[in-house]
Amino acid sequence: MRQQENEQKRDNEAGKRPSVDFIRTIVAEDNRTKKWNGEVITRFPPEPNGFLHIGHAKSFCLNFGIAAENEGGHCHLRFDDTNPVKEEARYVESIQEDVRWMGWNWNEHLYYASDYFDQMYGYAVQLINKGLAYVCDLNAEEMREYRGTLTAPGKDSPYRNRSIEENLDLFSRMKEGEFKDGYCVLRARIDMSSPNLNMRDPVMYRILHAEHHRTGNKWCVYPTYDWAHGLEDSIEGVTHSICTLEFENHRPLYDWYLDKLEVHHPQQIEFARLELTYTVMSKRKLLQLVEEELVNGWDDPRLPTISGMRRRGYSPESIREFCRRIGVNKFNSTIDIALLEHCVREELNKTSNRVMAVLRPLKVVIDNYPEEQEEWMDAVNNPEDPDAGTRKVPFSKVFYIEQDDFMEDPPKKFFRLTPGREIRLRYAYFVTCTDVVKDGNGQIVELHCSYDPATRGGNSPDGRKVKSTIHWVSASHALRAEVRLYDHLFTKEHPEDTADGEDFKSNLSPESLKTLSDCMIEPYLKDAIPLDRFQFERLGYFCLDSDTTKEKIVFNRTVTLRDTWAKIQKKG
């Protein structure tokens, strides 16, 4: 078994496509034995206290995916809104938008934990009546002390043996708001000597005088996650309660509550959460970055949030493919972000139209080209998709090329434009550099070239070859744009790897965003709308940003053309 897990782990980290995972195997066996009468009901239960990230995407792709794969199956979207202090309606809206954008639909199965507050309260009263729950007046510090440690058992609370009548009275008064926050709690009466700390009389309800985004001020007591989530699953008739590995030690408590209440009892199954290099997946840390304005909101394209990835130009298909490739396992591992970027490139290569854009413009004048002439060249939109057709690209006497595509004194293996060398302009002509113009500081500001009219379209009738083809944008037709070049948010693969006295923020990369103004793009892009994705030829994949206005065009770089993952695989 250990050898199999190690092999699975290597395949997982290498991005190999998984075979049927262990959770789907369990579901298939349950269907075969009619354990749930052939039903498959899963759920995705986010807390509405932040925006979803790609780790959540792994979870909801698994839950919605399993439901979709089984006839008659369905997946519930349920908001675990049991903590009114941290929850907001805007998070509810963003979560629904993200799940829909990723291609999943819950249909009529949208639920909230707060829908069941009355039922949960009733279930708590049942446990009190069975002598299995009690009101405890220990404060938080005393409760920690009484709880014991991993190596020492806990001690019974002095309030553990209150009568059923007293507990019912106190719990009712807690609900009615008679006590201040933190005055007392309702605890399950299980076993203070259990080797599992979660079973040492866990808290079921705490007092919290806070307005809830759905129930207002109706409640002064709120259920803890461990008490609530099993009940939510049970009430909804969930068959497979799939959650991440950190809840494995909570499963005995999940089972205990449902067994003692003698209600529908789903099967809890745990899988390893997603960890990625060069980023953080903790919602608390992401919130810290947002609140301290170290990033530009939850949809900052450098964040692993679904909204950030959408804005950056990631497609839902590429994220789903990534989730398929990494698979579902029982062991924790960290996935190289290069695999995610590889999946994005694969998808965008198939679906993105090619355009020409010059990010760092250098002006070029063709001296022997007619002054007022302009031509419209045929350009292929996407060589991977014949149905994408062609477009017309304007060409004129003056155009821009990338500064990097010219060197006055080049090294041996530089094949682009240099004085006296002939190169091809993509879809246009062969040109030869004849002169270099510099400013007072010796910086190159303009090139002069001659062109061969017989090479229109990029081929020479006499069969002569050139060693380089470069892209360009006609100066008189160019649209001016701002381009934001995004890179990894952190300098280290594991941002939590810090020196003493530092935290993960000390590893933030100052190079994670570079903004270029006065970039030149071809006029084909004038009708693009936010989230439209393109390949800027020879540069990378880019997406039109929502900051775009009539006066200002803004593009975000999604990923470069260079595929780091392919190189890693080749070396491996």
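Residues numbered from 1 in each chain as written. Predicted model: local features only at pLDDT ≥ 70, side-chain atom pairs only at ≥ 80, totals over all residues. Heavy atoms only, no water.

Novice: Help me out: how do you make sense of the overall build of the chain in this one?
Specialist: The secondary structure content of the chain amounts to 14 helices and 27 strands. Across the 572 residues of the chain, 53% fall into the buried class. Taking contacts inside the chain between residues at least 6 apart in sequence as the whole, the part at least 24 apart equals 72%. For the chain, the computed accessible surface area is about 26,400 Å², with 46% contributed by carbon and sulfur atoms. Taken as two groups, the 78 positive and 95 negative side-chain charges of the chain have centres that lie 4 Å from each other. (Helix = DSSP H or I, 4+ residues; strand = E, 2+ residues; numbered from the N terminus. Buried < 20%, exposed > 50% of the residue type's maximum accessible area, 1.4 Å probe, protein only. Contact = heavy atoms within 4.5 Å. Areas by Shrake-Rupley, 256 points an atom, 1.4 Å probe, with all protein chains shown as cover. Lys, Arg positive; Asp, Glu negative; His and termini not counted. Charge placed at Lys NZ, Arg CZ, Asp CG, Glu CD.)

Novice: Before we go on, may I ask you to explain the environment of Leu544 in this structure?
Specialist: Examined against the element boundaries, Leu544 turns out to sit in strand β26 (residues 540-544). A residue is classified by how much of its surface remains accessible, and Leu544, at 3% relative accessible area, is buried. For the pair Leu544 and Phe555, spaced 11 residues apart in sequence, the C-alpha separation works out to 4.5 Å.

Novice: Sorry, what's going on with the packing of aromatic side chains here?
Specialist: In this structure the tally under the stated criterion is 26 aromatic pairs. A centroid spacing of 4.8 Å and a plane angle of 80° characterise the contact between Tyr429 and Tyr451, whose relative ring orientation is edge-to-face. Highlighted residues: Tyr429 in the loop between β18 (422-425) and β19 (430-438) and Tyr451 in strand β20 (residues 444-452), separated in sequence by 22 residues. Like Tyr429, the residue Tyr451 is buried in the burial classification. Ring pairing ties together the aromatic residues Phe117, Tyr121, Phe171, Tyr205, Trp219 and Tyr222, which thus form one cluster. Its guanidinium or amino end placed over the ring of Phe504, Lys285 lies 5.4 Å from that ring's centre, counting from NZ or CZ. Arg391 extends its terminal NZ or CZ atom over the ring of Tyr524, reaching a point 5.5 Å from the ring centre. (Phe/Tyr/Trp six-rings, centres within 6.5 Å; stacked < 30°, edge-to-face > 60°. Lys NZ or Arg CZ within 6 Å of the ring centre and 35° of its normal.)

Novice: Any chance you could explain the sheet that holds strand β22 (residues 473-474) here in plain terms?
Specialist: Pairing between the strands of a sheet is mediated by backbone hydrogen bonds and can be parallel or antiparallel. An order of β21-β18-β19-β20-β14-β17-β22 is seen for the seven strands of this open sheet, with the pairing classed as mixed. Sheet topology places β21 (469-470) and β22 at the edges, where each strand pairs with a single neighbour. Pairing of β18 with β21 involves two bridges; the strand directions are parallel. Looking at the pairing, Leu425 lines up with Ile470 of β21. (Pairing = 2+ DSSP bridges.)

Novice: Hey, could you run me through the pattern of salt bridges in this one?
Specialist: Pairs may arise between side chains of opposite charge once their charged atoms sit close together. Across all of its chains, the model carries 54 salt bridges by this definition. The shortest N-O distance in the salt bridge between Glu166 and Arg162 comes to 3.3 Å. The partly exposed category is assigned to Glu166, whose relative accessible area is 35%. The residue Arg484 makes a salt bridge to Asp547 at a minimum N-O spacing of 2.9 Å. One end of the pair, Arg484, is in strand β23 (residues 479-486); the other, Asp547, is in the loop between β26 and β27 (553-560), with 63 residues separating them in the sequence. On the accessibility criterion, Asp547 (36% relative accessible area) is partly exposed. (Salt bridge = Lys/Arg side-chain N within 4 Å of Asp/Glu carboxyl O.)

Novice: It is not clear to me how unusual backbone geometry should be interpreted in this structure. Could you clarify?
Specialist: Glycine aside, negative phi is the norm for most residues, and most peptide bonds take the trans geometry. Look at Glu262: it is not a glycine, yet its phi comes out positive at around 55°. By the secondary structure assignment, Glu262 is in the loop between α9 (251-261) and β9 (267-271). Accessibility expressed as a relative area gives 66% for Glu262, which makes it exposed. Its identity is not glycine, yet Tyr427 carries a phi of approximately 70°, on the positive side. Within the fold, Tyr427 resides in the loop between β18 and β19. Looking at Tyr427, the relative accessible area reads 12%, which means it is buried.

Novice: In this structure, what is going on with the sheet that holds β26? I would like to understand it.
Specialist: One open sheet accounts for seven strands, arranged β12-β25-β26-β27-β23-β24-β13; its pairing is mixed. Unpaired on one side and paired on the other, β12 (353-355) and β13 (357-358) mark the two borders of the sheet.

Novice: It is not clear to me how empty space enclosed by the protein should be interpreted in this structure. Could you clarify?
Specialist: Unfilled space is identified by rolling a water-sized probe across the atoms. Here the structure, examined in full by the defined rule, presents two cavities of 30 Å³ or more. Those elements that place two or more of their residues in the lining of the largest cavity are α11 (306-312) and α13 (337-351). For the lining of the largest cavity, the per-class residue count stands at 10 nonpolar, three polar and four charged. (1 Å grid on protein atoms, 1.4 Å probe; cavity = no way out; pocket = protein on both sides within 12 Å on 5 of 7 lines; lining within 4 Å. Points joined across faces, edges and corners; volume = space filled by probe spheres on them. Nonpolar A, V, L, I, M, F, W, Y, C, P; charged D, E, K, R; others polar.)

Novice: Even after reading the chapter, I still don't get the confidence of the model for the chain, so can you show me in this structure?
Specialist: In regions of low pLDDT, the predicted coordinates are not meant to be interpreted in detail. For the chain, the mean per-residue pLDDT works out to 94, and 95% of the residues sit at or above 70. Of the regions scoring below 50 in pLDDT, residues 1-18 engages in 28 contacts with residues more than four places distant in sequence or in other chains. (pLDDT = per-residue confidence, 0-100.)

Novice: What's the story with helix α8 (residues 225-236) in this structure? I'm lost.
Specialist: The terminal C-alpha atoms of α8 lie 16 Å apart, and with 12 residues this matches the ideal 16 Å at 1.5 Å per residue to within 8%. Of all the 12 residues making up α8, 10 are buried; the element is thus mostly covered by neighbouring parts of the structure. Within α8, burial applies to Asp226, Trp227, Ala228, His229, Gly230, Leu231, Glu232, Asp233, Ser234 and Glu236. Downstream of α8 by one or two residues, Gly237 has phi in the positive range, about 75°. (Expected span 1.5 Å × (residues − 1).)

Novice: Hey, could you run me through the side chain of Glu270 in this one?
Specialist: Tracing the backbone shows Glu270 in strand β9. On the basis of relative accessible area, Glu270 is assigned to the buried category, the value being 1%. A polar contact is formed between the side chain of Glu270 and the side chain of Gln268, at a distance of 3.0 Å. Excluding residues within four positions of it along the chain, Glu270 makes contact with Phe22, Cys243, Thr244, Leu245, Phe247, Glu248, Arg251 and Lys330. (Polar contact = N/O pair within 3.5 Å; in protein donor to acceptor, adjacent residues only side chain to side chain.)

Novice: Even after reading the chapter, I still don't get the state of the cysteines, so can you show me in this structure?
Specialist: Two cysteines joined by a covalent bond between their sulfur atoms form a disulfide. Enumeration over the complete set of coordinates arrives at zero disulfides. With no disulfide of its own, Cys136 lies 8.7 Å from the sulfur of Cys184, the closest cysteine sulfur. (Disulfide = S-S within 2.5 Å.)

Novice: I would appreciate a short explanation of the environment of Phe247 in the present structure.
Specialist: Relative to the helices and strands, Phe247 resides in the loop between β8 (240-244) and α9. Residue class for Phe247 comes out buried when judged on its relative accessible area of 19%. Each C-alpha atom of the pair Phe247 and Asp226 lies 9.3 Å from the other, and the pair is 21 residues apart in sequence. The contacts of Phe247, once residues within four sequence positions are left out, are Tyr225, Gln268 and Glu270.

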